Amino acid sequence: MESRVLLRATETVTGVPQLRRPIRAINRQFSTASSSFTAFAKPIGSIGEGGNLISGRQLRPLLLLDSLPEKREILKPVRAASAEGGDSAGETKVGFLGKYPWLVTGFFFFMWYFLNVIFNILNKKIYNYFPYPYFVSVIHLFVGVVYCLVSWSVGLPKRAPVNSDILKVLIPVAVCHAIGHVTSNVSFAAVAVSFTHTIKALEPFFNASASQFLLGQPIPITLWLSLAPVVLGVAMASLTELSFNWLGFISAMISNISFTYRSIFSKKAMTDMDSTNVYAYISIIALFVCLPPAIIVEGPQLLKHGFNDAIAKVGMTKFISDLFWVGMFYHLYNQLATNTLERVAPLTHAVGNVLKRVFVIGFSIVIFGNKISTQTGIGTGIAIAGVALYSVIKAKIEEEKRQGKTA
């Protein structure tokens, strides 16, 4: 920037434009000319503050250069000199991904969907030969915790320090996360994956109810109306679901309530930590919460015949590899969901979350060949459409609130 101003100032003061001369020669000419016109050239402020005032007129570098028909010719030697001298004032090179950020965002969405679908399919396949959801839930969290510890050890990411104050706000979130995670898996083991996800579509209804009646935050009537098809669709799907049983239904409902309280406590647990570190600490705490119930409820059965039956059906290698990969997929898809939210607007993420549920339900029906009645299919479609409508309206309301605060 300074070199460009010197070039133009030389032409203005001396009246002899020499555009192709080296920069050092121009600087020497400028110094000589400036000393000759000290009486009516008084500099005011730095270049960063708007340029100099010469003969009572302020020179603005960019405007002056833009007005020159020969500006491209002037800039060539300056840029060349910058390149030769290694000056950082040269043009910043933008990489391929920087030019096409939508490719990165699209990749995040693809991996989020892909890992979620693979997790749900592999998870259900494990339950078909190893129906112990408490133990499998512990494995999900254990593999994720090991992954976080290894990542911290190599500094990707750097571990954020934690103290008793941070733990006090994270523990309630982790407890609700643990309960919701275990009950979701109990439902996955008891009924079809598609039916569990249909019931879990009611989560926005529980979130709205908690905000209205527990937190005292008024919910617009448009949001309540958008939830009506969600409730209706879930009811229709439940009445004719071929794999229906009360254990799966009630467990999924408890999961909805637990994740609702997790959202409430998360709003109170705002910390300066990045999302990756927060999720790592929540996973560690949730692992310790899930261990005692798994030992008490399923421990004796696992030691008696659970492990032996699973190994007899699929072999030791497949059994261990299935547990490892289902834990990895669980952790990675949750982490990618958070990373995707950081890259897109809330509305885009909300719609993406609804489409993710559609993908999971559709792929689970195809992979496992689950037979569904016509009413169940219609009810599931209505519920998903209601969730999409609710997500769009809610995201727009939140965006209007943010714009109102910044205005």
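Please refer to the structure higher up on the page.
This section reports on the structure supplied with the text. Not measured: the values here are computed from a predicted model.

The secondary structure content of the protein chain amounts to 16 helices and 2 strands. Across the 407 residues of the protein chain, 41% fall into the buried class. Here the analysis covers contacts within the protein chain between residues at least 6 apart in sequence; of these, 81% occur between residues at least 24 apart. Within the structure as shown, the protein chain displays about 22300 Å² of accessible surface, and the carbon and sulfur contribution to it stands at 66%.

What follows is about the environment of A174. Here A174 is to be found in helix α8 (residues 164-190). Along the backbone, A174 and Y281 are 107 residues apart, and their C-alpha atoms lie at a distance of 8.3 Å. If sequence neighbours within four positions are ignored, A174 has contacts with I282, I285 and A286.

With that out of the way, let us pick up the packing of helix α6 (residues 101-129) against helix α14 (residues 316-343). At their nearest, the axes of α6 and α14 sit 8 Å apart, and the two run at 145 degrees to each other. The two elements α6 and α14 cross, and the hand of that crossing is left-handed.

Position of N185 relative to the elements: it lies in helix α8. On the basis of relative accessible area, N185 is assigned to the buried category, the value being 1%. Side chain to side chain, N185 and S137 meet in a polar contact 3.3 Å long. Residue contacts for N185: discarding those within four places in its chain leaves N123, Y127, P133, S137 and H140.

What follows deals with unusual backbone geometry. Note: most peptide bonds trans; most residues except glycine with negative phi. Omega for the bond connecting L156 with P157 falls within 30 degrees of zero, at 0 degrees, which places this linkage in the cis form. Along the polypeptide, P157 turns up in the loop between α7 (133-153) and α8.

With that out of the way, let us pick up the packing of aromatic side chains. Each aromatic ring pair is described using two quantities: the centre-to-centre distance and the angle formed by the ring planes. This model, assessed by the stated rule, comprises 28 aromatic pairs. Where Y113 meets F359, the ring centres are 5.2 Å apart and the plane angle is 45 degrees; that geometry is what we call tilted. Here F359 lies in helix α15 (residues 346-368) and Y113 lies in helix α6, a separation of 246 residues in the sequence. Given the relative accessible area of 12%, Y113 is considered buried. An angle of 45 degrees between the planes, with centres 5.5 Å apart, marks the rings of F119 and Y330 as tilted. Placement of F119 in helix α6 and of Y330 in helix α14 is noted, with a sequence separation of 211 residues between them. Comparing F119 with Y330, the two get one shared label, buried. Pairwise contacts between aromatic rings join Y129, F130, Y132, F135, F307 and F319 into one cluster.

Right, let's get into the nonpolar core. Among soluble globular proteins, nonpolar side chains are generally buried collectively. The biggest cluster of nonpolar side chains holds 46 residues, and the ones touching the most others in it are W112, I126, F130, F135 and L323. Element by element, the count of residues in this core is highest for α6, at 14 residues. Grouped together as the second largest cluster of nonpolar side chains are 23 residues, I361, A383, V387 and Y390 included.

About the criteria used
Residues numbered from 1 in each chain as written. Predicted model: local features only at pLDDT ≥ 70, side-chain atom pairs only at ≥ 80, totals over all residues. Heavy atoms only, no water. Helix = DSSP H or I, 4+ residues; strand = E, 2+ residues; numbered from the N terminus. Buried < 20%, exposed > 50% of the residue type's maximum accessible area, 1.4 Å probe, protein only. Contact = heavy atoms within 4.5 Å. Areas by Shrake-Rupley, 256 points an atom, 1.4 Å probe, with all protein chains shown as cover. Axes fitted to C-alpha atoms, helices over the stretch in contact; angles between N-to-C directions. Left-handed = near helix turned anticlockwise from the far one by under 90°. Polar contact = N/O pair within 3.5 Å; in protein donor to acceptor, adjacent residues only side chain to side chain. Phe/Tyr/Trp six-rings, centres within 6.5 Å; stacked < 30°, edge-to-face > 60°. Core = buried A, V, L, I, M, F, W, Y, C linked by side-chain atoms within 4.5 Å.

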